[in-house]
Amino acid sequence: MRFSSAVPAGILLLGLLGSPVMGLAQKVKSAPFSYVPEQSDDRYNQRVLRKTLPLPAGGFVILAHKAATEYAVERYDTDLKRTWSTALSLTADQAIDAFTISGSQATVIVHQKSGASQTLSALTLDLASGQKSPQKKLLETAARDRRPGVTFSPDGTKLVAWRYLTRDVQIRAISASVFDEKLTKLKDRTYDFHDQGGFFSTTIHVGNDGTQYVTLVADDMKKLSVRRYLNSSPDIKVMSVAVGGTFGGKVVNVFDSRFSLQADNTLYAAAICNERETGLYHSLKLVKFDFSGDGDMKFAPEFKFTPEYLTAANKASNASAKRLEDIYLTDLLLTDEKQLVVVAEKKYEEGGEESPGHTRELHLFGYNEYQAPTWHSIIAKDQVAPAAEGFSSIGYRAAVFGQDVQFVTWEKIKNKSDLYLRRVNAQTGVVQEPKALGLNVAADQNPSYVKDFTAWLDPKTIIGVSRPSKKSAALMLNKIVVK
């Protein structure tokens, strides 16, 4: 498949030909902000990726890391005035695993590993006053077991907490509990995987109504499956589709996958497949699972990673790679008109535990409301961060407004270090050139930008945390109004 004629060829050259990067007419308001970088055994897989959450009534709440064992949940109005701050004191054995908002409250999930056990607990905070509820234990499992997990529904009103039941390190089942936003238990469930053999991966999603969707990459990493569990019935509905197999004598399986549950309980799944022996990227596949009525599954035509696509990727980023590699699925972005943009990003480390992290080009794939591929594009960028920051300062943040997908990145373009905004039309794939947001972000070895705090209050108002200059040691909370 060739690049769509709807996508100007010049899009592939953004950042390569030095196209002009003009500043946006805008207004920036800033306030002091206190933040301590996260310390984790796994710097590259953060548990709380979004620490700024917009409120429907205006303003936002933030999960701030104040000191080694002290967090705070804080509410701000649209003028960056802090209306309340509630401290969350943690012990050295505790960590925050999840953070969300729903209706009139924020919810924080705390993991603790101590002695012979580990637990997941939850506490809530009233959005009007910041008043904190007592911590409630959701589950407990042995310290030697896999770390338990938790997930929220799209609107934050339901959550599922689970623990793994294993045999010889292989997952055999998951024991889960479903809760509402008041932390009242709705259902205990066991998801059984004894039929799955020796090698598969699984994730759990929960709908706004409490329905659970257990997703699987199974059948020796060749099949995408979804199992639906209702709280009102013991019946389990299963949908699955093979995306791997043997093609032209070559065994192809799933290299990377991403599932996204929507508010209407439709679920999209994307998978990058590669050749098992060589590791060469083979294709991108997209599936829509719709469990309403009798159920329906829509399988989009595959997008093949041809030699021409590698040439285009090299041209976009001014590279000379011999093969596609280190490209991972990062987002499935859906518009109100059901157009979907699949986003993948090139991410890698130079090598070794203390080596810098890199994120490079974004690979975008557009699908219409019928899951037909309509365009694809590659956005060139070149970002690097010290090992201590992992990928918390580089990469991108994205949001959908109408037909536009907005991307914010921290980059140095034409010797100007700043946050940059790109807009992509989800219907046509047209990409606007990057626009500097005028923060003049410092570029050195100290924390300069914390991606976790980037959020949109509306299509023209962006919240971010950055350090304005090398001379400044302090991070600032910024409100950027794009004209």
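As named in an unreviewed UniProt entry, the chain is WD40 repeat protein, taken from Hymenobacter fodinae.

Novice: Sorry, what's going on with the overall build of the chain here?
Specialist: Helix and strand counts for the chain come out as one helix and 35 strands. Taking 2.2 N^0.38 as the reference for a compact globule, 483 residues should give roughly 23 Å; the C-alpha atoms of the chain span a radius of gyration of 22 Å, in line with that estimate. In terms of overall dimensions, the chain has a C-alpha envelope of 60 × 60 × 45 Å along the principal axes. Per-residue burial for the chain yields a buried fraction of 54% across its 483 residues. When contacts within the chain are restricted to residue pairs at least 6 apart in sequence, those whose partners lie at least 24 apart make up 48%. With 60 positive and 53 negative side-chain charges, the chain shows a spacing of 3 Å between the two charge centroids.

Novice: When you look at the sheet that holds strand β3 (residues 60-67) in this model, what are you seeing that I'm missing?
Specialist: Within a sheet, each strand pairs with its neighbour through backbone hydrogen bonds, oriented either parallel or antiparallel. Pairing within the open sheet is antiparallel, and its four strands lie in the order β2-β3-β4-β5. Two strands in the sheet have a free side with no partner beyond their single neighbour: β2 (52-54) and β5 (82-89). For this sheet, the mean angle separating the axes of adjacent strands, direction not counted, is 20°. Across three bridges, β2 lies against β3 in antiparallel orientation. Pairing of Thr-52 across the sheet is with Ile-62, part of β3.

Novice: Would you mind going over a positive patch on the surface with me for this structure?
Specialist: A cluster of like positive charges, contributed by Lys-27, Lys-29, Lys-460 and Lys-483, occupies part of the molecular surface. Structurally, Lys-460 is set in the loop between β33 (455-458) and β34 (461-466). Overall, the relative accessible area of 46% leaves Lys-460 in the partly exposed class.

Novice: Help me understand the pattern of salt bridges, please; the structure alone is not making it clear to me.
Specialist: If charged atoms from side chains of opposite charge come close, those side chains can pair. In the structure shown here, the tally under the stated rule is 20 salt bridges. Here Lys-185 and Asp-188 are joined by a salt bridge, their closest N and O atoms 3.3 Å apart. Glu-411 is paired through a salt bridge with Arg-422; the nearest N and O atoms lie 2.7 Å apart. Of the two residues, Glu-411 sits in strand β30 (residues 404-413) while Arg-422 sits in strand β31 (residues 416-425), which places them eleven residues apart along the sequence. With relative accessibility at 7%, the residue Glu-411 sits in the buried group. The class of Arg-422 is buried, set by a relative accessible area of 3%. Through salt bridges with shared partners, a single network forms among Lys-66, Glu-74 and Arg-82.

Novice: Looking at this structure, I do not really get helix α1 (residues 307-317). What am I missing?
Specialist: Along an α-helix, residues three or four apart share an orientation, since each turn contains 3.6 residues. Here α1 has its buried residues at Tyr-309, Leu-310, Ala-312, Ala-313, Asn-314, Ala-316 and Ser-317. With its phi angle positive at about 55°, Asn-318 sits one or two positions after the end of α1.

Novice: Just checking my understanding: could you explain the domain arrangement of the chain for this structure?
Specialist: Reports of interface size often rely on the accessible area that becomes lost once the parts have come together. We note that the domain assignment places domain 1 (36-167) and domain 2 (324-482) within the chain. Between the C-alpha centres of domain 1 and domain 2 the distance comes to 24 Å. On the side of domain 2, 21 residues touch domain 1, which itself brings 18 residues to the contact. Of the roughly 1700 Å² buried at the junction of domain 1 and domain 2 (both faces included), carbon and sulfur atoms supply 57%. At the junction of domain 1 and domain 2, the tally comes to two salt bridges. Salt-bridge contacts for Asp-452 lead to Lys-51; the nearest nitrogen and oxygen are separated by 2.6 Å. Inspection of the domain 1/domain 2 interface yields five residue pairs in polar contact (both at pLDDT 80 or more).

Novice: Got a minute to help me understand unusual backbone geometry in this structure?
Specialist: Excluding glycine, residues mostly carry a negative phi; peptide bonds, for their part, are mostly trans. Despite not being glycine, Asp-219 shows a phi value in the positive range, around 55°. On the secondary structure map, Asp-219 appears in the loop between β15 (212-218) and β16 (223-229). One non-glycine residue, Asp-220, lies in the positive phi region at around 60°. Assignment of secondary structure puts Asp-220 in the loop between β15 and β16.

Novice: Explain the sheet that holds β33 here, please?
Specialist: Strand order across the open sheet formed by four strands is β1-β35-β34-β33, with antiparallel pairing between neighbours. In this open sheet, the two strands that pair with only one neighbour each are β1 (26-33) and β33. Neighbouring strand axes in the sheet, compared pairwise and without regard to direction, differ in orientation by 25° on average. Relative to strand β35 (residues 475-482), β1 runs antiparallel, the two sharing eight bridges.

What counts and what doesn't
Once a new chain begins, its residue numbering starts again from 1 and follows that chain's sequence as written. At least 70 in pLDDT is required for a residue's local features to be given in this predicted model, at least 80 for side-chain atom pairs to be given and counted, and no such filter applies to totals for whole chains, interfaces and linings, which use all residues. Side-chain metrics rest on all non-hydrogen atoms present in the structure, leaving aside hydrogens and water. Put simply, DSSP marks the helices as runs of H or I at least four residues long and the strands as runs of E at least two long, and each gets a number from the N terminus on. All radius of gyration figures rest on C-alpha atoms, and the globule criterion is 2.2 Å times the number of residues raised to 0.38. When a residue's accessible area, from a 1.4 Å probe over protein chains only, is under 20% of the maximum for its type it is buried; when over 50% it is exposed; and in between it is partly exposed. Contacts: residue pairs with any heavy atoms within 4.5 Å of one another. Charge convention: Lys and Arg are scored as positive, Asp and Glu as negative, and His as well as the terminal groups of each chain are ignored. Where a charge lies is defined by one atom per residue type: Lys uses NZ, Arg uses CZ, Asp uses CG and Glu uses CD. When DSSP finds two or more bridges between two strands, those strands count as paired. Comment: axis = line fitted to C-alpha atoms, over the contacting stretch for helices; angle = value between 0 and 180 degrees taken between N-to-C directions. Patch rule: a residue counts if its relative accessible area is over 30% and it has no salt bridge; like charges are joined within 9 Å, and nonpolar side chains (Val, Leu, Ile, Met, Phe, Trp, Tyr) within 5 Å. Shrake-Rupley sampling with a 1.4 Å probe provides the accessible areas, and residues are treated as covered by the protein chains on show and by no other component. By definition here, a salt bridge exists when the distance from a side-chain nitrogen of Lys or Arg to a carboxyl oxygen of Asp or Glu is within 4 Å. Where each domain begins and ends is defined by an automated method or by a domain database. Using a 1.4 Å probe, buried area is obtained as the accessible area two parts lose upon being combined, added over both of them. Counted as a polar contact is a pair of N or O atoms within 3.5 Å, where, for protein atoms, one must be capable of donating a hydrogen and the other of accepting one, and residues adjacent in sequence contribute only when both atoms are in side chains.

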